[in-house]
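Listed below, chain by chain, are the residues.
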Amino acid sequence: MKKRDDGAAAGGRLTRLVVVRSVRDRRQGFLIAGSAAFPCALGRSGIVVTKREGDGGTPRAKLPLRRVFYRADRLPRPSSLLPVRAITPRDAWCDDQNDRRYNRLIDRPPGEAEERLARADNLYDVIVELGWNDAPVQRGRGSAIFWHLARSGFTPTAGCVAVTGDIFGKILPRLARRCAIVVR
């Protein structure tokens, strides 16, 4: 399929989403999908060039969209060409730099989590795993960069990109199988 300049493939599917920071608050920005722009929350340190574990920065990078996770007990299965997986109570993301499973989805009994995906709040009711520090994994370079649901008021994330649920509903069905978020 031929790519167009607006991040859409010839068939109308989005191949690229762009994130830019707000001029008013470095912890907020805009997610641009085709010709539409939507407000988003960014990491508490804003967009960073050199990402480190725990720095609260959203990495300036091209981040491929890997797969969608969702809470089947709260939402219907999202419509997407990306791989979709329901979150289980044992799902966690390893952010321990000394663990050989660093920056990977792991199986953990409830209560033993590093980054638990089945949260009590609604932030992870829909998550898109972003390809950051995963090919290959480098210890300490940062883990668990997701595109997920935003808190009220678009308060900062730990380094992820966050939007409202209605935005996910509009964008997920329009994504091409090979799509990326470009954080500028």
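Residues numbered from 1 in each chain as written. Predicted model: local features only at pLDDT ≥ 70, side-chain atom pairs only at ≥ 80, totals over all residues. Heavy atoms only, no water.

J.: Requested: an account of the pairing of strand β11 (residues 126–130), with residues and values cited.
T.: For β11, the buried fraction is high: 5 of the 5 residues fall into the buried class. In β11, alternate side chains face the same way, and those of Val126, Val128 and Leu130 on one face and Ile127 and Glu129 on the other are all buried. Both strand β6 (residues 62–70) and β11 contribute to a ladder of 5 bridges, which runs antiparallel. In the sheet register, Phe69 faces β11, and the bridge partner there is Ile127. As judged from the 3 bridges shared by β11 and strand β12 (residues 146–149), these two strands associate in the antiparallel manner. Of the residues in β12, the one forming a bridge with Ile127 is His148. (Buried < 20%, exposed > 50% of the residue type's maximum accessible area, 1.4 Å probe, protein only. Helix = DSSP H or I, 4+ residues; strand = E, 2+ residues; numbered from the N terminus. Pairing = 2+ DSSP bridges.)

J.: I'd like a description of the nonpolar core, backed by residues and values.
T.: Grouped together as the largest cluster of nonpolar side chains are 34 residues, with contacts concentrated most on Leu17, Leu31, Trp147, Ile171 and Leu175. Sequence-distant contacts of Ile171, defined by excluding residues within four places in its chain, comprise Leu14, Leu17, Leu31, Ala33, Phe38 and Trp147. Counting 10 residues, the second largest nonpolar core, distinct from the first, contains Trp93, Leu117, Leu123 and Tyr124. (Core = buried A, V, L, I, M, F, W, Y, C linked by side-chain atoms within 4.5 Å. Contact = heavy atoms within 4.5 Å.)

J.: Tell me about the side chain of Ser143, and please be specific about residues and values.
T.: The residue Ser143 is located in the loop between β11 and β12 in this model. The exposure class of Ser143 is buried, given its relative accessible area of 9%. Setting aside chain neighbours within four positions, we find Ser143 in contact with Glu53, Trp93, Cys94, Asp95, Tyr102 and Asn103.

J.: Just give me the short version of the pattern of salt bridges, but keep the residues and values in it.
T.: Within this structure, the stated rule accounts for 11 salt bridges. One salt bridge in this structure joins Asp107 and Arg90, with 2.6 Å as the shortest N-O distance. A residue pair is termed long-range when its members are at least 10 positions apart, and Asp107 in strand β9 (residues 105–107) and Arg90 in the loop between β7 (84–86) and β8 (91–93) qualify at 17 residues. A salt bridge links Asp99 to Arg108; its shortest N-O distance comes to 3.9 Å. Across this residue pair, the class does not change: Asp99 and Arg108 are buried. Within this structure, Asp99, Arg101 and Arg108 form a network of salt bridges that share partners. (Salt bridge = Lys/Arg side-chain N within 4 Å of Asp/Glu carboxyl O.)

J.: Lay out the sheet that holds strand β10 (residues 115–116) with the relevant residues and their values.
T.: Pairing within the open sheet is antiparallel, and its 3 strands lie in the order β9-β8-β10. At either margin of the open sheet sits one strand with a lone partner, and together these are β9 and β10. Pairing analysis gives 2 bridges linking β8 to β10, with the strands arranged antiparallel. Bridged to Trp93 within β10 is Glu115.

J.: Can you tell me about the environment of Arg139, naming the residues and giving the values?
T.: For Arg139, the position within the fold is in the loop between β11 and β12. Separated by 29 residues in sequence, Arg139 and Pro110 have C-alpha atoms that sit 25 Å apart. Residue contacts for Arg139: discarding those within four places in its chain leaves Arg52, Gln97, Asn98, Asp99, Arg100 and Tyr102.

J.: Outline the packing of aromatic side chains, supporting the account with residue identities and numerical values.
T.: Tallied over the entire structure, the rule returns 3 aromatic pairs. Ring centres of Trp93 and Phe146 lie 5.3 Å apart, and the angle between their planes is 85 degrees; on these two criteria the pair is classed as edge-to-face. Of the two residues, Trp93 is situated in strand β8 and Phe146 in strand β12; the sequence distance between them amounts to 53 residues. The pair formed by Trp93 and Phe146 is uniform in burial state, with each residue classed as buried. The interplanar angle of 85 degrees and the centroid separation of 5.6 Å between the aromatic rings of Tyr124 and Phe146 together place this pair among those described as edge-to-face. Taken together, the residues Tyr124 in the loop between β10 and β11 and Phe146 in strand β12 connect sequence positions 22 residues apart. According to the relative accessible area criterion, Tyr124 is buried, its value standing at 5%. What makes Phe146 buried here is its relative accessible area of 1%. Put simply, the rings of Trp93, Tyr124 and Phe146 touch in pairs and so form one group of aromatic residues. (Phe/Tyr/Trp six-rings, centres within 6.5 Å; stacked < 30°, edge-to-face > 60°.)

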